[in-house]
Number of protein chains: 2
Amino acid sequence: MPPLPSWNDTATRQAIETYVEAATGDRVAVFDNDGTLWCEKPMPIQLDFTLRHWEAMAEHDPSLRVRQPFKAAYEHDYGWLGTAMAKHYEGDNGDLKLVMGAVGEAFGGMSVEDYAAEVGDFFAEARHPTLDRPYRDCGYQPMVELLRYLEAHGFSTFVASGGDRDFMRPIASTIYDIPAERVIGSSFALSYREDEEGGAVVYKSGIDFFDDGPEKPVRIWSRIGRRPAFACGNSNGDVPMLRFADGLRLLVLHDDAEREFNYTRGAEQALAEGWTTISVKNDWATVFADAP
Amino acid sequence: MPPLPSWNDTATRQAIETYVEAATGDRVAVFDNDGTLWCEKPMPIQLDFTLRHWEAMAEHDPSLRVRQPFKAAYEHDYGWLGTAMAKHYEGDNGDLKLVMGAVGEAFGGMSVEDYAAEVGDFFAEARHPTLDRPYRDCGYQPMVELLRYLEAHGFSTFVASGGDRDFMRPIASTIYDIPAERVIGSSFALSYREDEEGGAVVYKSGIDFFDDGPEKPVRIWSRIGRRPAFACGNSNGDVPMLRFADGLRLLVLHDDAEREFNYTRGAEQALAEGWTTISVKNDWATVFADAP
């Protein structure tokens, strides 16, 4: 069997194979996650998880039902969130601060292991709103094959995403066969709480770092300690990561409204760099593996 | 050949073998570095590296020769540093602040790759002041065997040290066969500097975090994302890391003045916990491998 069966025989697949077959020396490969390894539309999977958590909080505590963003989550008023983000892009961060504060209220004080268990429960059940499949089956099959192909050629593979590191970790081993120590992402600040029984690492209520844009090369160095040769992303926030890589740089282009989504918003700067693009429509014979 | 040839047949080796042979499930092993995997007396190897860097700075810039700690480094007046540390333990951090500021002066603005090259040059030449061997041969041979033994039984092994992560990384693969992504430690803050050629990750002049005491479980979670089963340290700063591990906890006891060093200062609290100790004198048949 050829190494990338879900890929069409195109110039992009040729460029990948030519690069990988010839690669020698230090071989690190980094992949963005949202929109690169799994689907990020109509909203990031992590946002759906967070909305469900806020909704459950508002079910237990009626006082939250009149406070944003709990109110929006409880009423399934996703327009409020869209407006909050639109205001943010226009320079008004008032609503975004409410969102970030509510994330801290939701998860501050929780142990990392309790959070991982809640994430696991979410992926056991939650389904994508339009693709008619569980979220756990929203990883791109051609990218899973690319991960294995790189590893077979001596690459160490890493996820390097703006998403929350500890949200991706419990599911990355299932979808991508990448263990927790090779998942890089944003994080809440952490502290160690002693107890009688081994203690626990718990989240503080604030963000420690947001792994996007120029923070991506910083987090990659912190976690890996080597400059990547191979990097793949899909948006403007991936540009510094791709610039930092010294071998093959790839961008996923979402141009397939029929099988996935069609959008370039937030990718304009990245697409202007002239790097090799992966067209979902033309380069992928299959987008998602069959649901099990 | 038995799996741990440099270990004597003692109760400690038996305890390790009994635990490792029976271990199942998630298997992560973490090791402190200074005093656990390599020698830390008469001074941490990283301090010798830093003193040499300060001395070279003072050779180029005479104005530094009258400023501490450059003056002490230039004059080889290591008593000044000892006094600075003694003052710190008595609650007077004035001299320690000079030391930390000078570390920032030495390495702030340097790229991570230039720093790695300087560390590599240091280990190519520098020798331990009393053990009659290069620093690169100051790793404990029984611990290298223990790393391989754990890996052969399905453990993922990590260095988790208070030492500077990026000082350990260039040499950890040589001494311990542990790659950069499995080296956890303290770090300077980092930033990404764009340029025409892939950009560079560079050190800021301040510390990002000091990976000791209760910070150790935090850094272990950040980097690994799993609770360790096996942990090994040698000092009070390792206590939270060992408490956080839920399997076998080990402490190296430095009690062999003839072959290495004899000291328990800074380990009093750790030794009082009652964990299994590794006596250098009694448990290790060999301390260091022969120099190549």
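Refer to the structure presented above.
Notes on the structure follow.

The rules behind the values
- Residues numbered from 1 in each chain as written.
- Chains lettered and ligands numbered in written order.
- Predicted model: local features only at pLDDT ≥ 70, side-chain atom pairs only at ≥ 80, totals over all residues.
- Heavy atoms only, no water.
- Axes fitted to C-alpha atoms, helices over the stretch in contact; angles between N-to-C directions.
- Helix = DSSP H or I, 4+ residues; strand = E, 2+ residues; numbered from the N terminus.
- Parallel < 35°, antiparallel > 145°, perpendicular 65-115°, else oblique.
- Left-handed = near helix turned anticlockwise from the far one by under 90°.
- Contact = heavy atoms within 4.5 Å.
- Core = buried A, V, L, I, M, F, W, Y, C linked by side-chain atoms within 4.5 Å.
- Buried < 20%, exposed > 50% of the residue type's maximum accessible area, 1.4 Å probe, protein only.
- Least-squares fit on C-alpha atoms with pLDDT ≥ 70 in both.
- Phe/Tyr/Trp six-rings, centres within 6.5 Å; stacked < 30°, edge-to-face > 60°.
- Lys NZ or Arg CZ within 6 Å of the ring centre and 35° of its normal.
- 1 Å grid on protein atoms, 1.4 Å probe; cavity = no way out; pocket = protein on both sides within 12 Å on 5 of 7 lines; lining within 4 Å.
- Points joined across faces, edges and corners; volume = space filled by probe spheres on them.
- Nonpolar A, V, L, I, M, F, W, Y, C, P; charged D, E, K, R; others polar.
- Buried area = accessible area lost by both parts, 1.4 Å probe.
- Salt bridge = Lys/Arg side-chain N within 4 Å of Asp/Glu carboxyl O.
- Polar contact = N/O pair within 3.5 Å; in protein donor to acceptor, adjacent residues only side chain to side chain.

Quick look at the packing of helix H2 (residues 45-60) of chain B against helix H5 (residues 94-107) of chain B
Residues and elements named next belong to chain B. At a minimum axis separation of 11 Å, H2 and H5 run at an interaxial angle of 70 degrees. With respect to their mutual orientation, H2 and H5 come out roughly perpendicular. Crossing geometry of H2 relative to H5 is assigned as left-handed. Contact with H2, carried on its side by Phe 49, Thr 50, His 53, Trp 54 and Met 57, involves Val 99, Ala 102, Val 103, Glu 105, Ala 106 and Phe 107 of H5 and no other residues of that element.

What to know about the nonpolar core
Ranked by internal contacts, the top residues of the largest apolar core, which has 77 residues, are B:Phe31, B:Trp54, B:Met143, B:Leu146, B:Tyr176 and B:Phe230. Every residue in contact with B:Tyr176, bar those within four places of it in the chain, is listed here: B:Asn33, B:Leu37, B:Trp38, B:Val144, B:Leu147, B:Arg148 and B:Val159. Of all hydrophobic cores here, the second largest spans 76 residues; its members include A:Leu51, A:Val119, A:Cys138 and A:Met168.

Topic: the relation of the copies chain A and chain B
For the match of chain A to chain B, the screw axis carries a shift of 0.0 Å, the RMSD comes to 0.0 Å, and the turn is 180 degrees. These values place the two chain copies in the arrangement generated by a two-fold rotation axis. In terms of C-alpha distance to the rotation axis, chain A has A:Arg223 as its closest residue, with the C-alpha 3.3 Å off the axis. Both copies share a contact surface, since 100% of the interface residues of chain A are interface residues in chain B too.

Topic: unusual backbone geometry
In this structure, A:Pro42 follows A:Lys41 across a cis peptide bond, with omega equal to 0 degrees. Mapping A:Pro42 onto the fold places it in the loop between strand E1 (28-31) and helix H2 (45-60). Its identity as a non-glycine residue notwithstanding, B:His76 has a phi of 55 degrees, on the positive side. Relative to the helices and strands, B:His76 resides in the loop between helix H3 (70-75) and helix H4 (78-89). On the basis of relative accessibility, which here comes to 45%, the residue B:His76 falls in the partly exposed class. Not every positive phi belongs to a glycine, and B:Asp177 is a case in point at roughly 55 degrees. Tracing the backbone through its elements, the reader meets B:Asp177 in the loop between helix H8 (165-175) and strand E3 (183-193).

Here we look at the packing of aromatic side chains
Residue and element names in this part refer to chain A. Throughout the structure, instances matching the rule amount to 48 aromatic pairs over all chains. Residues Tyr 19 and Phe 155 carry aromatic rings whose centres are separated by 6.4 Å and whose planes lie at 50 degrees to one another, so their mutual orientation is tilted. Of the two residues, Tyr 19 sits in helix H1 (residues 11-22) while Phe 155 sits in the loop between helix H7 (141-152) and strand E2 (156-164), which places them 136 residues apart along the sequence. You can call Phe 155 buried: its relative accessible area is 4%. Note on Phe 49 and Phe 107: the rings are 5.9 Å apart at their centroids and 5 degrees apart in plane angle, and the pair reads as stacked. Residue Phe 49 is found in helix H2, and its partner Phe 107 is found in helix H5 (residues 94-107); the two are separated by 58 residues along the sequence. Look at Phe 49 and you get buried, because its relative accessible area is 2%. It is Arg 219 that lies over the ring of Phe 209; its NZ or CZ is 3.5 Å from the centre.

Section: empty space enclosed by the protein
Residues and elements named next belong to chain B. Applying the stated rule across the entire model yields one cavity of 30 Å³ or more. Taken as a whole, the largest cavity spans an internal volume of roughly 30 Å³. Elements supplying a minimum of two residues to the lining of the largest cavity: H2, strand E2 (156-164) and H8. When its residues are assigned to classes, the lining of the largest cavity shows four nonpolar, three polar and two charged.

Examining the interface of chain A and chain B
As a measure of interface size, the accessible area lost when the parts come together is often cited. Across the boundary between the two partners, chain A contributes 30 residues, which contact 30 residues of chain B. Both faces combined, the contact of chain A with chain B buries some 2,700 Å², and carbon together with sulfur accounts for 52% of it. Here chain A is connected to chain B by six salt bridges. B:Glu113 is the partner of A:Arg227 in a salt bridge, and the nearest nitrogen-oxygen pair spans 3.0 Å. Joining chain A to chain B, the criterion identifies 19 residue pairs in polar contact (both at pLDDT 80 or more). Among the secondary structure elements, those contributing two or more residues to the side of chain A that touches chain B are helix H6 (112-125), E2, helix H8 (165-176), strand E3 (183-193), strand E4 (200-209), helix H9 (215-224) and helix H10 (239-244) of chain A. In terms of residue count, H9(A) provides more of the side of chain A that touches chain B than any other element does, six residues in total. Its residues assigned to classes, the side of chain A that touches chain B shows 14 nonpolar, six polar and 10 charged.

By themselves, these are just geometric observations and shouldn't be taken as functional.
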